[in-house]
Amino acid sequence: MASARPDAAAAAPAPRPAGFADLEKATAGLQPPFAVVDLGALRANAAQMARRAGGKPIRLASKSLRCRALIGEVLDHPGFSGVLAFTLPEALWLAAHDPAADVLVGYPTADTDALRRLAADEDAAARVTVMVDSPEQLDLLTAAIGPSGPPVRVCLDLDASLRLLGGRVHLGMRRSPLHAPGHAADLARAVVARPRLRLVGVMAYEGQIAGVGDDQPAQPRPMRTAVRVVQRLSARELRARRAAAVRAVREVAPLEFVNGGGTGSLETTSAEPAVTELGAGSGIYAPALFDHYRGFSPLPAAYFALAVVRRPAPGHVTVLGGGWTASGAPGPDRLPVPVHPAGLRLLGAEGAGEVQTPLTGPAADSLRIGDRVWFRHAKAGELCERVDTLHLVEHDRVVDAVPTYRGEGMAFL
């Protein structure tokens, strides 16, 4: 994957985050809508994440970037190694473009065409690892790849949720059915019993810790306290259970890696002796959902700009487009956030619309038709599903324009 750094022969300013005056100057010749990535902030975030990982390598979550050039940029940074992909077709595409790529598919697949392609390609099979969490998935996998060919690398997905009261209370993602160490060992034995499969790893993603901010200003103080208590309890329980599961699986087969964590839990997960590598990516762009953690403060690195096209009433303006909302449970935290000029907010009755988004606030009356409003997406890589190009800014100039997955004609989900 090509690096996004400008030509080494060019005079490059010292890395630092860009301000909005810099972004306005750098993009003066661009027509909204467009998206930019501030390379100074991106590199600062990568350095912060590497420090928080405490010396353990971070496998970069590709869905949080969705841009091959920037995946390469981050993988060039010390402390990052390997890619955590979100689909098998994406993993095969990334591996085909980078002969050194080590790609773990973070989610199980039912794409039998992609499985056959993987099984028929000795090079890809040596560098791409698929995820499983049930015997049923193993049946589909082995039926798709057939009896002969190179071994297919397999990783077990251990459920990291916190279960209380005999499982009646479930705190965390509905992800894998593998919860107890014995369940993981049973599936490990089922994997090694199949000649074409090679068990190489265990993964456990603690979304209830890594993906939930513990200092949300919209929450009352008792709720924030409750979130922190649950996260501490969950981290303590998972540390012991993950270690036991890894021991049980290692009795069945040697493991190359044990992956865990996320942007919000790098410190706690890296402290677990059983974990050999971390998985993270959202902290690179630092979307709005990552503004409210007590333990770290990433720099916003990804923005999009929309044009003012209406002034429907005093104190109001309307921009063209804007309905770039994030996945997950619907709510205000999934909406894009207007950040410049300061003092603008969405209207509760309309939110962010597909073709227009009204805004109100003290800054509205200073805006004219054709002016820009800058936004941050609530999530990281989902921004790239809306644009073909990311304009890379250093200081007050655009140093490159690189394609997103969409800009390369690829849409994996």
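Residues numbered from 1 in each chain as written. Predicted model: local features only at pLDDT ≥ 70, side-chain atom pairs only at ≥ 80, totals over all residues. Heavy atoms only, no water.

Per an unreviewed UniProt entry, the protein goes by the name Alanine racemase and belongs to Streptomyces hydrogenans.

The secondary structure content of the protein amounts to twelve helices and 19 strands. Sorting the 413 residues of the protein into buried and exposed places 54% on the buried side. A separation threshold of at least 6 residues defines the contact pool for the protein, and within that pool the share at least 24 residues apart is 70%. (Helix = DSSP H or I, 4+ residues; strand = E, 2+ residues; numbered from the N terminus. Buried < 20%, exposed > 50% of the residue type's maximum accessible area, 1.4 Å probe, protein only. Contact = heavy atoms within 4.5 Å.)

On average, residues of the protein carry a pLDDT of 90, and 89% of them reach 70 or more. Every residue in residues 1–14 is under pLDDT 50, and counting partners more than four places away or in other chains gives 32 contacts. (pLDDT = per-residue confidence, 0-100.)

Where empty space is left becomes clear once a probe the size of a water molecule has been rolled over the atoms. Under the counting rule described, the total for this entry stands at three cavities of 30 Å³ or more. Contributing to the lining of the largest cavity are P108, T109, L115, V130, M131, V132, Q137, L140 and L141. Looking at the lining of the largest cavity, the elements with two or more residues in it are β5 (128–132) and α7 (135–145). (1 Å grid on protein atoms, 1.4 Å probe; cavity = no way out; pocket = protein on both sides within 12 Å on 5 of 7 lines; lining within 4 Å. Points joined across faces, edges and corners; volume = space filled by probe spheres on them.)

With that settled, the discussion passes to the environment of L162. Looking at where L162 falls in the secondary structure, it is placed in strand β7 (residues 162–164). Taking the relative accessible area as the measure of exposure, L162 reaches 2% and is therefore buried. For the pair L162 and Q208, spaced 46 residues apart in the sequence, the C-alpha separation amounts to 8.4 Å.

Next up on the list: the packing of aromatic side chains. Summed over all chains, the structure comprises ten aromatic pairs. With a centroid separation of 5.7 Å and 80 degrees between ring planes, the pair formed by F34 and W374 is classed as edge-to-face. Residue F34 is located in strand β1 (residues 34–38), and its partner W374 is located in strand β17 (residues 372–376); the two are separated by 340 residues in the primary sequence. Residue class for F34 comes out buried when judged on its relative accessible area of 4%. (Phe/Tyr/Trp six-rings, centres within 6.5 Å; stacked < 30°, edge-to-face > 60°.)

Of all the residues in α7, the buried ones are Q137, L138, L141, A144 and I145. Along the axis of α7, the buried positions cluster into a sector of 135 degrees, meaning they face one direction only. Structural note: α7 exposes E136 and A143 on the side pointing more than 90 degrees away from its buried face. In this structure, the buried side of α7 is in contact with α5 (112–120), β5, β6 (152–157), α8 (181–192) and β9 (197–204). Downstream of α7 by a residue or two, G146 has a phi angle that is positive, lying close to 80 degrees. (Arc of directions from axis to C-beta.)

Here we come to the sheet that holds β6. Strand-to-strand pairing in sheets goes through backbone hydrogen bonds, with the strands running parallel or antiparallel. Taken in spatial order, the eight strands line up as β2-β3-β4-β5-β6-β9-β10-β11 and close into a barrel, and their pairing is parallel. Within the sheet, the average angular offset between the axes of one strand and its neighbour, ignoring direction, is 30 degrees. Taken together, the three bridges between strand β2 (residues 58–61) and strand β11 (residues 277–280) define a ladder with parallel strand orientation. Considered in β11, the bridge of L60 is made with A280. (Pairing = 2+ DSSP bridges. Axes fitted to C-alpha atoms, helices over the stretch in contact; angles between N-to-C directions.)

To continue, consider α5. Within the sequence span of α5, burial applies to A114, L115, L118 and A119. Projected down its long axis, α5 shows its buried positions confined to an angular sector of 135 degrees, all on one face. Of the surrounding secondary structure, the elements contacted by the buried residues of α5 are α4 (88–97), α6 (122–127), β5, α7 and β6. One side-chain oxygen of the residue at the start of α5 lies 3.2 Å from the amide nitrogen of D113, identifying that residue as D111. (Polar contact = N/O pair within 3.5 Å; in protein donor to acceptor, adjacent residues only side chain to side chain.)

Once that is clear, we can look at the side chain of S64. With respect to the secondary-structure elements, S64 resides in the loop between β2 and α3 (68–75). Judged by relative accessible area, which is 4%, S64 ranks as buried. At 3.3 Å, the side chain of S64 forms a polar contact with the side chain of S282. Sequence-distant contacts of S64, that is, excluding residues within four places in its chain, are made with G281, S282, Y285, A380 and G381.

Moving on to the packing of α5 against α7. It is the contact of α5 with α7, at a shortest axis distance of 8 Å, that shows an interaxial angle of 60 degrees. The pairing of α5 with α7 is recorded here as oblique in orientation. Every pair of crossing elements has a handedness; the one defined by α5 and α7 is right-handed. Between α5, through T112, L115, R116 and A119, and α7, the contact on the second element is made entirely by L140, L141, A144 and I145. Its residues assigned to classes, the contact of α5 with α7 comprises six nonpolar, one polar and one charged. (Parallel < 35°, antiparallel > 145°, perpendicular 65-115°, else oblique. Left-handed = near helix turned anticlockwise from the far one by under 90°. Nonpolar A, V, L, I, M, F, W, Y, C, P; charged D, E, K, R; others polar.)

A separate point is the environment of A342. Along the chain, A342 turns up in the loop between β14 (337–340) and β15 (345–346). Each C-alpha atom, one on A342 and one on W374, is 9.5 Å from the other, the two residues being 32 residues apart in sequence.

Going from P32 to P33, the amide bond is cis rather than trans, its omega being 0 degrees. Along the chain, P33 turns up in the loop between α1 (20–26) and β1. With omega at 0 degrees, the peptide bond leading from H340 into P341 counts as cis. Relative to the helices and strands, P341 resides in the loop between β14 and β15. Even without glycine at this site, R66 takes up a positive phi of about 50 degrees. With respect to the helices and strands, the residue R66 is situated in the loop between β2 and α3.

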